[in-house]
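What follows is the residue order along each chain.
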Amino acid sequence: MKTIRLILGDQLNQKHSWFNDVDEDITYVMAEMRQETDYVKHHIQKVVAFFLSMRNFSTTLSEKGHQFIYLKISDEDNPQNLEKIITTYINKTKAEKFEYQLPDEYRLDEQLKNICDALDVETEAFDTEHFYTTRYELKDFFEGKKQLIMENFYRTMRKKHDVMMVNDQPDGGKWNFDQSNRKKWKGEPKIPNEKTFGKNIENLITAIENAEVKTFGNIKPDNFNWPTTREECLSVLEYFCKELLVHFGDYQDAMHTEEKFLFHSRLSFAMNSKMLSPKEVIDTVLDHYYQNTEAIAISQVEGFIRQILGWREYMRGIYWKEMPNYSTLNKLENQNELPDFFWTGKTDMNCLKHSIGQSLDEAYAHHIQRLMIIGNYALLTQIHPDEVDKWYLGVYIDAIEWVEITNTRGMSQFADGGIVATKPYVSSANYIHKMGNYCSDCTYSHTKKLGENACPFNALYWNFLDEKKEHFKNNNRMAMMMSLLDKKDKEELSELKKRAQAVIQNPDNF
Ligand code: FAD
Ligand code: SF4
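Residues numbered from 1 in each chain as written. Chains lettered and ligands numbered in written order. Predicted model: local features only at pLDDT ≥ 70, side-chain atom pairs only at ≥ 80, totals over all residues. Heavy atoms only, no water.

1. Overview of the site of ligand 2
Close to ligand 2 lie M349, N350, C351, A429, I432, Y438, C439, C442, Y444, H446, C455 and F457, which account for all nearby residues. Mapped onto the shell around ligand 2, the elements with two or more residues apiece are α13 (350-362) and α17 (429-435). Its residues assigned to classes, the shell around ligand 2 comprises ten nonpolar, two polar and no charged. (Near = heavy atom within 4 Å. Helix = DSSP H or I, 4+ residues; strand = E, 2+ residues; numbered from the N terminus. Nonpolar A, V, L, I, M, F, W, Y, C, P; charged D, E, K, R; others polar.)

Written as structure tokens, this is what we have:
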């Protein structure tokens with residue numbers, strides 16, 4: 001039967017069973033679309049990485065004999081919209097059936113269902129064959145339970161998929177080595193050079209500019225280093241195993257002005273675009289570990305496995321359990337606007353200058369920069385979660401709504417009132433100083449609470465706890481912080497609140 005099969009930009013799974021056999025009745029359709037470049041303003045590196053990976057994917061599979069229609073952003077006959085593309089190519093190829101892989105975004109899922117309802121040919125949706133879990137597996141797992149707990153889900157995943165298990169017990173005798181993953185990096189151990197590809201992407205940038213796609217952020221046209229083929233992704237994985245895994249867990253939470261990537265894998269784009277599957281990442285890492293147990297401690301490996309088998313699948317499950325309502329949640333009723341410096345990195349607060357500057361330069365920041373610097377500031381200054389979400393969704397190379405919104409609105413902004421995190425991730429300068437070296441070269445003093453050069457995070461922290469205390473009065477995990485707030489000298493608190501208001505009113509002056 002003549003069939004059209006749609007492949008979206010984050011469905012670049014070459015190992016999908018669709019490609020087991022070449023069938024001349026099947027035509028695959030891929031398209032760079034304004035509908036996808038414009039729903040939020042994206043970092044230029046993100047647009048380049050997706051388009052280049054899509055082009056490479058269609059070229060590789062065409063070379064294997066599959067028939068592809070590929071629409072570039074600048075093609076004159078590109079309708080730039082999913083519905084028009086699907087109907088146009090069903091008509092052109094006289095297809096009798098339309099098939100697609102289930103999208104990971106609610107927005108696209110709804111759109112495709114609506115398109116299918118209106119088509120007068122047979123339609124069918126397929127799994128992407130990427131994740132460990134199905135869309136609703138987490139929802140079923142927690143059915144009837146009061147509180148979602150990642151650790152319970154993670155342990156079940158470990159058992160179900162036989163990952164780091166020995167005779168039904170966790171390898172190393174413990175499920176979780178998180179406590180050993182809290183080291184500050186002080187120049188040692190040396191961090192291996194970044195894995196680079198040095199691609200020239202001038203033509204693609206010109207095409208994106210000519211199509212008038214609005215983007216932001218920085219890019220080096222002759223030195224693009226994100227992996228955009230499956231082979232490149234595999235080489236990043238190999239590099240991680242050989243060079244970085246040995247210290248991954250120890251320095252997972254560390255931050256440093258001179259080291260943007262530390263021991264992080266930078267595999268999120270490779271996985272979120274589905275060029276690599278989480279299973280092959282985990283299997284490769286474990287193979288490497290079990291061949292090198294003398295050199296690599298189990299805590300380094302378990303920390304990494306937990307992120308992928310635990311957090312990544314957990315976030316996806318929460319997304320499908322909670323959408324579409326999740327995208328409107330604002331339980332802390334935050335209303336402020338995003339400061340301008342989020343788009344420029346121009347601020348005297350050194351931790352934010354580095355973390356935001358790096359995000360604009362690299363389309364990447366690691367987890368603790370996203371959570372405890374940028375997210376922490378956004379929450380303490382009570383920025384509306386819609387604004388925060390839009391920024392995170394646009395800026396990071398790996399940002400796709402299912403994993404962006406659960407991390408940003410949920411884990412980081414506590415806008416879901418505690419679905420993802422049991423308490424808000426907020427801190428004063430103390431934590432930032434403990435985990436990195438930003439404070440040592442800052443205009444502000446991390447130890448001072450009041451006065452012109454006092455670190456803004458200190459006043460913002462107490463102000464936040466005070467302003468939001470009604471929200472936290474029944475939260476056991478906040479009890480200690482709330483009792484410290486209660487004991488605070490009233491005059492000091494009032495001064496702290498004044499300073500916090502000065503920061504909130506004029507964020508770009510700090
Ligand atoms: P590593 O530190 O090397 O970790 C390995 C892998 O574990 C990552 O590639 C990722 O696939 C997975 N992982 C780690 N933490 C998480 C997590 N919390 N949720 C899901 N997967 C995780 N991740 C995204 O993929 N897309 C996003 O849009 C995104 N937005 C975030 C927003 C905020 C506010 C925060 C706090 C975190 C966000 N994360 C997001 C999670 C995490 O920060 C990134 O996955 C990670 O920084 C990617 O870099 P890496 O590949 O070097 O990760
Ligand atoms: Fe950030 Fe405050 Fe430290 Fe400066 S002193 S780097 S603003 S935490």
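Moving on from the coordinates now.
2. As for a negative patch on the surface
On the surface, a cluster of negative charge is made up of D21, D23, E24, D25 and E96. Here E96 lies in the loop between α3 (82-93) and β5 (97-101). Judged by relative accessible area, E96 falls into the partly exposed class, the value being 45%. (Patch = residues over 30% accessible without salt bridge, like charges linked within 9 Å, V, L, I, M, F, W, Y side chains within 5 Å. Areas by Shrake-Rupley, 256 points an atom, 1.4 Å probe, with all protein chains shown as cover. Salt bridge = Lys/Arg side-chain N within 4 Å of Asp/Glu carboxyl O. Lys, Arg positive; Asp, Glu negative; His and termini not counted. Charge placed at Lys NZ, Arg CZ, Asp CG, Glu CD. Buried < 20%, exposed > 50% of the residue type's maximum accessible area, 1.4 Å probe, protein only.)

3. Details of the nonpolar core
Counting 149 residues, the largest nonpolar core has I305 and L352 as its most contacted members. Ranked by residues supplied to this core, first place goes to helix α11 (residues 298-322) with eleven residues. Residues contacting I305, with those up to four places away along its chain left out, are Y154, V163, M164, I282, V285, L286 and G310. Counting residues in hydrophobic clusters, the runner-up holds 22 residues, among them A31, I85, A95 and L108. (Core = buried A, V, L, I, M, F, W, Y, C linked by side-chain atoms within 4.5 Å. Contact = heavy atoms within 4.5 Å.)

4. A look at the pairing of strand β6 (residues 122-126)
Bridge count for β5 against β6 is five bridges, and the pairing is parallel. The partner of F98 across the bridge, within β6, is T123. Considered for its hand, the β-α-β crossover made up of β5, helix α4 (residues 106-118) and β6 is right-handed. (Pairing = 2+ DSSP bridges. Right-handed = clockwise from strand over helix to strand, strands pointing away.)

5. Overview of the sheet that holds strand β1 (residues 3-6)
Reading across the sheet, the five strands line up as β4-β2-β1-β5-β6 and stay open at both edges, with parallel pairing between neighbours. What marks the edges here is a single partner per strand, and that holds for β4 (67-71) and β6. Averaged over all adjacent pairs, the angle separating strand axes in this sheet is 20 degrees, with direction ignored. Note: strand β2 (residues 26-31) against β4, five bridges, orientation parallel. Counterpart to M30 in the pairing with β4 is Y70. Helix α2 (residues 44-63) contacts β2 and β4 of the sheet and is inclined by roughly 155 degrees relative to β4. (Axes fitted to C-alpha atoms, helices over the stretch in contact; angles between N-to-C directions.)

6. Observations regarding the site of ligand 1
For ligand 1, the set of nearby residues contains 28 residues, the closest of which are H264, S265, R266, N272 and Y364. A distance of 2.7 Å is found between an oxygen atom of ligand 1 and a side-chain nitrogen or oxygen belonging to Y364. When ligand 1 sits alone it has 820 Å² of accessible area, and the protein chains cover 99% of it. Put simply, the parts of the chain that give the shell around ligand 1 at least two residues each are α9 (268-272), α11, α14 (367-380) and α16 (401-412). (Polar contact = N/O pair within 3.5 Å; in protein donor to acceptor, adjacent residues only side chain to side chain.)

7. So, the pairing of β2
Among the six residues that make up β2, six are buried, leaving the element largely enclosed by the rest of the structure. Side chains of β2 alternate between two faces, with I26, Y28 and M30 and T27, V29 and A31 buried alike.

8. Here's the deal with the packing of α14 against α16
Contact geometry of α14 with α16 gives a least axis separation of 10 Å together with a crossing angle of 55 degrees. In terms of orientation, α14 lies oblique with respect to α16. At the point where α14 passes α16, the crossing takes the right-handed sense. Between α14 and α16, the contacting residues are H367, L371, G375 and L379 on the first element and N407, M411 and S412 on the second. Within the contact of α14 with α16, the residues separate by chemical class into three nonpolar, four polar and no charged. (Parallel < 35°, antiparallel > 145°, perpendicular 65-115°, else oblique. Left-handed = near helix turned anticlockwise from the far one by under 90°.)

9. Notes on the pattern of salt bridges
Taken as a whole, this structure holds 34 salt bridges when the rule is applied. Note that K274 and D104 form a salt bridge whose closest N and O atoms lie 2.4 Å from each other. Taken together, the residues K274 in the loop between α9 and α10 (278-291) and D104 in the loop between β5 and α4 connect sequence positions 170 residues apart. An identical accessibility class is assigned to K274 and D104; each is buried. Here E495 and K498 are joined by a salt bridge, their closest N and O atoms 3.1 Å apart. Linking E495 with K498, this pair stays in helix α21 (residues 490-505), spanning three residues, or about one helical turn.

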